[in-house]
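Structural overview
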Amino acid sequence: MAPSYEALRLGRSGSLSAPCLQDAFRLPALSTSVAEARRLVVLRLCSWGATQEMCDNAELVVSELFTNAVRHTSSEEVRCSLQLMGKRLRLEVADQGCARTEPQARSVSVDQEGGRGLMLVEALSEAWGVRPDTGGTGRAVWAYLA
């Protein structure tokens with residue numbers, strides 16, 4: 001069973017306190033920004049000494065979440081934040097809203113071109129979810145990676 005969201009949010013990873021490294025960036029809500037988001041996440045994680053596996057998984061997760069924010073909302077910009085708490089990474093991608101539905105993993109047929117992104121996020125994450133963005137109009141999709 002995955003740890004509770006609250007325990008993950010507080011950075012509890014089997015010890016009383018874990019050091020927390022943080023960064024955030026904003027990019028225009030353009031398809032060309034997805035590659036830049038991947039590059040920025042990997043660059044930051046490498047500078048923090050993250051494992052290659054964590055960098056690879058984070059690169060895939062941020063790519064999927066950022067792509068969804070660009071494709072499925074009418075945002076002008078997308079915000080991404082990272083928090084490395086011990087050996088656990090929290091990634092969050094926030095949009096400015098106006099999506100038709102809430103993000104959720106779904107089954108797709110073999111011949112469908114898209115629709116597998118959140119299944120990938122679910123497979124690579126200890127936990128993931130959606131919450132209203134603090135600005136009040138958008139959503140933030142978060143994921144925890146070990």
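These figures come from a predicted structure and were not determined experimentally. (Residues numbered from 1 in each chain as written. Predicted model: local features only at pLDDT ≥ 70, side-chain atom pairs only at ≥ 80, totals over all residues. Heavy atoms only, no water.)

What about the packing of aromatic side chains?
According to the stated counting rule, one finds one aromatic pair in the structure shown. Note on Trp142 and Tyr144: the rings are 5.6 Å apart at their centroids and 65° apart in plane angle, and the pair reads as edge-to-face. Residues Trp142 and Tyr144 agree in their burial class; the two are buried. (Phe/Tyr/Trp six-rings, centres within 6.5 Å; stacked < 30°, edge-to-face > 60°. Buried < 20%, exposed > 50% of the residue type's maximum accessible area, 1.4 Å probe, protein only.)

Considering the packing of helix H3 (residues 52-72) against helix H4 (residues 117-124)
It is the contact of H3 with H4, at a shortest axis distance of 9 Å, that shows an interaxial angle of 145°. Between H3 and H4 lies a crossing whose hand is left-handed. On H4, the residues touching Asn57, Leu60, Val61, Glu64, Leu65 and Asn68 of H3 are Gly117, Leu118, Leu120, Val121 and Leu124. In the contact of H3 with H4, the residues fall into seven nonpolar, three polar and one charged. (Axes fitted to C-alpha atoms, helices over the stretch in contact; angles between N-to-C directions. Helix = DSSP H or I, 4+ residues; strand = E, 2+ residues; numbered from the N terminus. Left-handed = near helix turned anticlockwise from the far one by under 90°. Contact = heavy atoms within 4.5 Å. Nonpolar A, V, L, I, M, F, W, Y, C, P; charged D, E, K, R; others polar.)

So, the nonpolar core
The nonpolar side chains of a soluble globular protein tend to be buried with one another. Within the largest apolar cluster, 31 residues are counted, with the highest numbers of intra-cluster contacts made by Val41, Leu45, Phe66, Leu89 and Leu91. Elements represented by at least two residues in this core include exactly strand S1 (20-28), helix H2 (33-47), H3, strand S2 (77-85), strand S3 (88-94), H4 and strand S5 (139-145). Among the elements that line this core, the one with the most residues is H3, at nine residues. Leaving out residues up to four positions away in the same chain, Leu45 has contacts with Ala50, Met54, Cys55, Ala58, Leu82 and Leu89. (Core = buried A, V, L, I, M, F, W, Y, C linked by side-chain atoms within 4.5 Å.)

Digging into the sheet that holds S3
Taken in spatial order, the five strands make up an open sheet running S1-S2-S3-S5-S4, and their pairing is antiparallel. One side of each edge strand has no neighbouring strand; the edge strands of this open sheet are S1 and strand S4 (127-132). When strand polarity is set aside, the average angle formed by the axes of neighbouring strands in this sheet is 15°. (Pairing = 2+ DSSP bridges.)

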